[in-house]
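# Descriptive structure summary
For reference, the chains in residue letters:
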Amino acid sequence: MSQISLYTAMLSMATETLPSAFIATDMLGNITHAYISKQSQHKLQYLLGQNIYRISRLMFGLDGAKQIMSSWQQCIAEQIPAEINRFEHTSTHGLQEYLDMRFAAHLTADKVIIYIRSTTESVLLDEEFVCFTEQHESVNRELCIAISNLDFHLMDLEQARKKLAALYRVTAIAQKTVNEHEVLEEILDGITRELGFTNAAILLLDDATQELKARAHRGYPEGICIPIGKGITGYAALHRELVYVPDVTNDPRYISGAASGVSEVAVPLIVDDRVIGILDVESSQEKILQDYDLDMLRSLASQIAMTIEHATHVCKVEVQAITDGMTGLFNYRHFQTLLEREYKRASRYNRTISLIMIDIDHFKKYNDTNGHLQGDQTLRKVAALIKNSCRDVDFAVRYGGEEFAVLLPETSVDEALSIAERLRQSIEEYPFVNREKQPNQCLTISLGLANYPTDAISILELLDHADAALYQAKRSTRNCVCLYRRYTNPL
Ligand code: GH3
Ligand code: MG
Ligand code: MG
């Protein structure tokens, strides 16, 4: 057989087109039959008579031939079929091929049958599957990372939602006209409910004492008062900057506040470049402050500062509306409101009210002697003395000019008389400027007193009768207290 014919036959076998083949050898290894699927028998003629070792060596190299011959010999020696799985070789086109081989000895016929089947496709499929699985796992890993990133974004969104809710709440409070105390309580409610902090306090700066005083708090002890510059809070106020301490036990500035405090953040409340207070938040072990907490508190603090300023302004305007500018007592308009309110209460619950009307004696003369400015000073002093002689529950009013009124809720005639007398004495005894130039060498007041329900059955009557009693005091000796029923009989 020519060498060329042999190669042609081998080429037919050793390509990736080899689906399956049967080869039979005799006991010496010479090929007696060859069948290769899809190949014409004619082309395979040249294989016949060739030695299996030689063919193997030419097709699969030394190692391949050794492996094949070992199985070939094994199946003869042990008389049980031998096999080679995933026999790997490179095809004539340079492609990787895989073959499964089965060796069976047919001793009676002195033959060894070799069955060869290409498993390239299934091996490649396997590899592809492994590769696909790896790719799948890597996609899975990427997905996991993407999901956890998404979680972070969702967390950020949740934080942003909470922040917006809290900001909205604080801004909404600012738009309502409420007193400062209510505003602070509402703000802390917002911080604890919306943002989940357990310990929060708003401290406002007392300009006079330069101390930060807790005006509203959650989770802190009562009466906190921190000098500016002291503690983490005082430091933040002095340096006008947010201070965050992750672990307060390691900070020498820390003054113990909330019992469960682990980290603390103090944010200055600044309005028009002035520090008006501090928003202080202490976080427990379970809630360590993150960057977004700090950002949120910073935004909140500027809203809170504006809200407090707004409330303080509203409060000031409200106080101004009911106060007499010169003396600081309640004004006539508010007196009417007070009188009506107290009268309603007294008539509904069968309580008593007393009313004292007051007029400075010979004040025209005082002005004439000392000038109007000194007159004003004295008027202010008289108002202060009246206020001091009253109890906290009483209302002192500038009725007009140099006339005053004191409304005494839940006060009997006798109690009111002793208060009026104490008041009269306090003016009589006070060393007013040039009082010796007044008639009787003294600046004095006259007082008229009436009581509901003893002397009057309506507001108008109460006013009328207190006024009538005052008129009577003027008509008698002045510097005296007259009771409506007894006005003919000054004390
Ligand atoms: P009396 O009440 O004892 O009868 O004499 P009087 O001189 O006080 O008389 P009257 O109460 O009628 O006079 C009120 C005076 O009080 C007139 C006015 O000059 C003075 N007066 C009223 N309001 C003010 C004020 O706001 N400032 C000053 N300086 N004087 C005032
Ligand atoms: Mg008068
Ligand atoms: Mg007078």
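Located above this text is the structure these notes cover.
Presented here is a report on the structure given in the accompanying data block. Remember, predicted model here, so these are calculated numbers, not experimental data.

If you walk across this open sheet you meet the six strands as 8-7-6-11-10-9, and the pairing is antiparallel. The open sheet terminates on both sides in strands that have one partner only, identified here as strand 8 (225–227) and strand 9 (243–245). Geometrically, the sheet is characterised by an average inter-axis angle of 20° between neighbouring strands, direction not taken into account. Note that strand 10 (residues 263–271) and strand 11 (residues 274–283) share nine bridges and pair antiparallel. Bridge assignment links V271 to a residue of strand 11, and that residue is R274. Helix 6 (residues 231–239) contacts strand 6 (199–206), strand 7 (211–218), strand 8, strand 9, strand 10 and strand 11 of the sheet and is inclined by roughly 30° relative to strand 10. Strands in contact with helix 7 (residues 291–322) are strand 6, strand 9, strand 10 and strand 11; relative to strand 10, the strand with the most contacts, it is inclined by about 40°.

Here we come to the pattern of salt bridges. Across all of its chains, the model carries 20 salt bridges by this definition. Between E342 and R345 there is a salt bridge, and its shortest N-O distance comes to 3.6 Å. Residue E342 and its partner R345 are both found in helix 8 (residues 332–349); the two are separated by three residues, about one turn of the helix. On the basis of relative accessible area, E342 is assigned to the buried category, the value being 5%. Residue R345 is classed as partly exposed on the basis of its relative accessible area, which comes to 39%.

So, on to the packing of aromatic side chains. Overall, the coordinates contain nine aromatic pairs when judged by the stated rule. Ring centres of F60 and F87 lie 5.0 Å apart, and the angle between their planes is 75°; this geometry places the pair in the edge-to-face category. Residue F60 is found in helix 3 (residues 52–78), and its partner F87 is found in strand 3 (residues 82–90); the two are separated by 27 residues along the sequence. Note on accessibility: F60 and F87 belong to one class, buried. Ring centres of Y332 and Y399 lie 5.1 Å apart, and the angle between their planes is 85°; this geometry places the pair in the edge-to-face category. Linking Y332 in helix 8 with Y399 in strand 13 (residues 395–400), this pair joins segments that are 67 residues apart in sequence. Y332 sits in the partly exposed class, given a relative accessible area of 36%. Given the relative accessible area of 22%, Y399 is considered partly exposed. Grouping aromatic residues by their ring pairs yields a cluster made of F22, Y35 and Y115. It is R253 that lies over the ring of Y235; its NZ or CZ is 4.5 Å from the centre.

Analysis parameters
- Residues numbered from 1 in each chain as written.
- Chains lettered and ligands numbered in written order.
- Predicted model: local features only at pLDDT ≥ 70, side-chain atom pairs only at ≥ 80, totals over all residues.
- Heavy atoms only, no water.
- Pairing = 2+ DSSP bridges.
- Helix = DSSP H or I, 4+ residues; strand = E, 2+ residues; numbered from the N terminus.
- Axes fitted to C-alpha atoms, helices over the stretch in contact; angles between N-to-C directions.
- Contact = heavy atoms within 4.5 Å.
- Salt bridge = Lys/Arg side-chain N within 4 Å of Asp/Glu carboxyl O.
- Buried < 20%, exposed > 50% of the residue type's maximum accessible area, 1.4 Å probe, protein only.
- Phe/Tyr/Trp six-rings, centres within 6.5 Å; stacked < 30°, edge-to-face > 60°.
- Lys NZ or Arg CZ within 6 Å of the ring centre and 35° of its normal.

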